[in-house]
Amino acid sequence: MPPASGPAAPKRVRILVVEDSPADAELLIHELQSGGYEVAATRVETADALRSALQTDTWDVVISDYSLPKFSAPEALMVLRETGRDLPFIIVSGTIGEETAVESLRAGACDFLIKGRLARLIPAIERERREIELRRERTRERQALEEQLRHAQKMEAIGQLAGGIAHDFNNMLTAILGYAELLTEQIGPDKPIGVDLQEIVIAAQRATSLTRQLLAFSRKQTIKPVALSLNAVVETLEPMLRRLISANVSIRTKLDRQTHVVLADKTQLEQVLMNLVVNARDAMPDGGTLAIETGNTTLGASDLARLPGAVEGEYAVITVSDTGVGMTPEVQRRIFEPFYTTKERGRGTGLGLAAVYGIVKQLGGNIWVESESGRGSSFTIYLPRTAAALVSAAPRRERSTPPIGRETILLVEDESGVRSFARTVLVRYGYNVIEAESSEQALTELSGYDGPLDLLLTDVMLSGMDGGQLARHLTPGRPNLRVIFMSGYADPSVEEALPDGCDLMEKPFTAHTLLSRVRESLGGSRVVTRAS
């Protein structure tokens, strides 16, 4: 037999009564008490008293007589409006006429009642309290949406800045890495200067990693999405992840073999996992457990409020959780902001989680964080299910191709350091190079040239005519012309418009990469590729 339920909790209401008659005020209170309400009431008779009561306490409803010796309901309504409080205002009067009542409703009163006929008092108060709660809920939702919009606009602005910085920085790094490599080959890595040059290369590679984080945050990375298994990515990366964490941190994996296939870039997914694992490791300085789990879920309408931008459907899920120090709500609200970090100076750039957020959004997914101070954190990533055929997550073996050639290459690059480096490398290995700093200059150079042209090597983003437009202009008259695009980052709209049958080479690149890609393009079949 189920236990008997206890008495229902009393209904409470706080009323502010604008009334000069204590007896009439008592009648209102009695009516509410008869309806099962626990009443807290204050009676006022003047504008100053009303204003003071509204400012110093909280109320559920204001009930006013229409006419007082020194005050009136219309004046009381004006005082309420001045305070900005959103409260029901009900008029109870023995003298109000129908025309006056209608005018009062038009002025903003919620209802009017006749003294001695208070049967509608409780229904009127309950109705208005429901309306007030609905309005407040709509206000909260609007404020939340406005905050999301402001956050999105801020992140977009920072993303544009980050993408521009990464673009310029990648151009500089191309020259730094490239020339350091050339000098090392000439001097020899075993010489003292060669060792110094290797330190330059290491520093440049670290800077390259930083620019990739910037591009990931700003969603301007060149991506190569294929159908992947999250389980395969985790299993491939797990040995490296175990080397990243401290000896006092253990890793536990729980991979659902039925996890959906997703359309994603393997390198990006690895970057997401590594950033989350490093973040979890740093949250457990005294040791703990790091868990990586995969699975499936279906997002319905009720899930979309907490995942802005998500759509209903089936998702593959990967969760990275830790038993570390956790986060306060204030920290949680800012963790995806670029350059925000709670780590001590020198231990973090504040870009790791911002990059995770950018990558997940670029892949059409969402991320949800649960954390509490002293109780660890959990990051759950939702990636849309794809029906595409699964592609192996095993690393691609690079083909070894001879770097020497005799072909003619049109090199178009507006950054002088990158252009000079590329020309030096190509000429050194036998190629004939025609160089230009813009598409317009390139067309001028070709106008008086009637020799062979085998390859167009051009930056994507050029002032005036961009690289894609230049390629489309040249290829109709040269059907065998191969094309390689270079990019510090590619604007998605520009990248989508690139011609078929061309390579996209990401900056920064080394001499070895440049020569290999040029040789592959000239010596191989004409296929679309997005290898880096």
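Focus: the packing of helix α11 (residues 416-428) against helix α15 (residues 511-523)
Phase 1: With their axes 10 Å apart at the nearest point, α11 and α15 run at an angle of 65 degrees to one another. For the crossing formed where α11 meets α15, the hand is right-handed. In contact with Phe-421, Ala-422, Val-425 and Leu-426 of α11, α15 contributes Ala-511, Leu-514, Leu-515 and Val-518.
Phase 2: When grouped by side-chain class, the residues that make up the contact of α11 with α15 number eight nonpolar, no polar and no charged.

Focus: the packing of aromatic side chains
Phase 1: With the rule as written, the count across this model stands at three aromatic pairs.
Phase 2: Relative to Phe-509, the ring of Phe-421 has its centre 6.3 Å away and its plane inclined at 35 degrees; by these criteria the two rings are tilted. Taken together, the residues Phe-421 in helix α11 and Phe-509 in the loop between β17 (502-506) and α15 connect sequence positions 88 residues apart.
Phase 3: Site record: aromatic cluster; members linked through ring pairs are Tyr-179, Phe-421 and Phe-509.
Phase 4: One Lys or Arg, Arg-14, reaches over the ring of Trp-59 and ends 5.2 Å from the middle of that ring.

Examining the packing of helix α2 (residues 47-56) against helix α3 (residues 73-83)
Phase 1: Where α2 contacts α3, the two axes come as close as 10 Å, and the packing angle between them is 35 degrees. Between α2 and α3 the crossing geometry is right-handed. Contacts between α2 and α3 pair Ala-47, Leu-50, Arg-51 and Leu-54 from the former with Ala-76, Val-79, Leu-80, Glu-82 and Thr-83 from the latter.

Remarks on the sheet that holds strand β1 (residues 11-18)
Phase 1: Read from one edge of the open sheet, five strands run β2-β1-β3-β4-β5, paired in parallel fashion. The open sheet terminates on both sides in strands that have one partner only, identified here as β2 (37-44) and β5 (111-114). Across the sheet, the axes of successive neighbouring strands diverge by a mean angle of 25 degrees, strand direction being ignored.
Phase 2: Where strand β4 (residues 89-93) meets β5, four bridges bridge the pair, whose relative direction is parallel. Note on β5: the bridge partner recorded for Val-92 is Leu-113.
Phase 3: In this fold α2 packs onto β1, β2 and β3 (61-64), with an angle of close to 150 degrees to the strand it touches most, β1.

What counts, and at which threshold
Residues numbered from 1 in each chain as written. Predicted model: local features only at pLDDT ≥ 70, side-chain atom pairs only at ≥ 80, totals over all residues. Heavy atoms only, no water. Axes fitted to C-alpha atoms, helices over the stretch in contact; angles between N-to-C directions. Helix = DSSP H or I, 4+ residues; strand = E, 2+ residues; numbered from the N terminus. Left-handed = near helix turned anticlockwise from the far one by under 90°. Contact = heavy atoms within 4.5 Å. Nonpolar A, V, L, I, M, F, W, Y, C, P; charged D, E, K, R; others polar. Phe/Tyr/Trp six-rings, centres within 6.5 Å; stacked < 30°, edge-to-face > 60°. Lys NZ or Arg CZ within 6 Å of the ring centre and 35° of its normal. Pairing = 2+ DSSP bridges.

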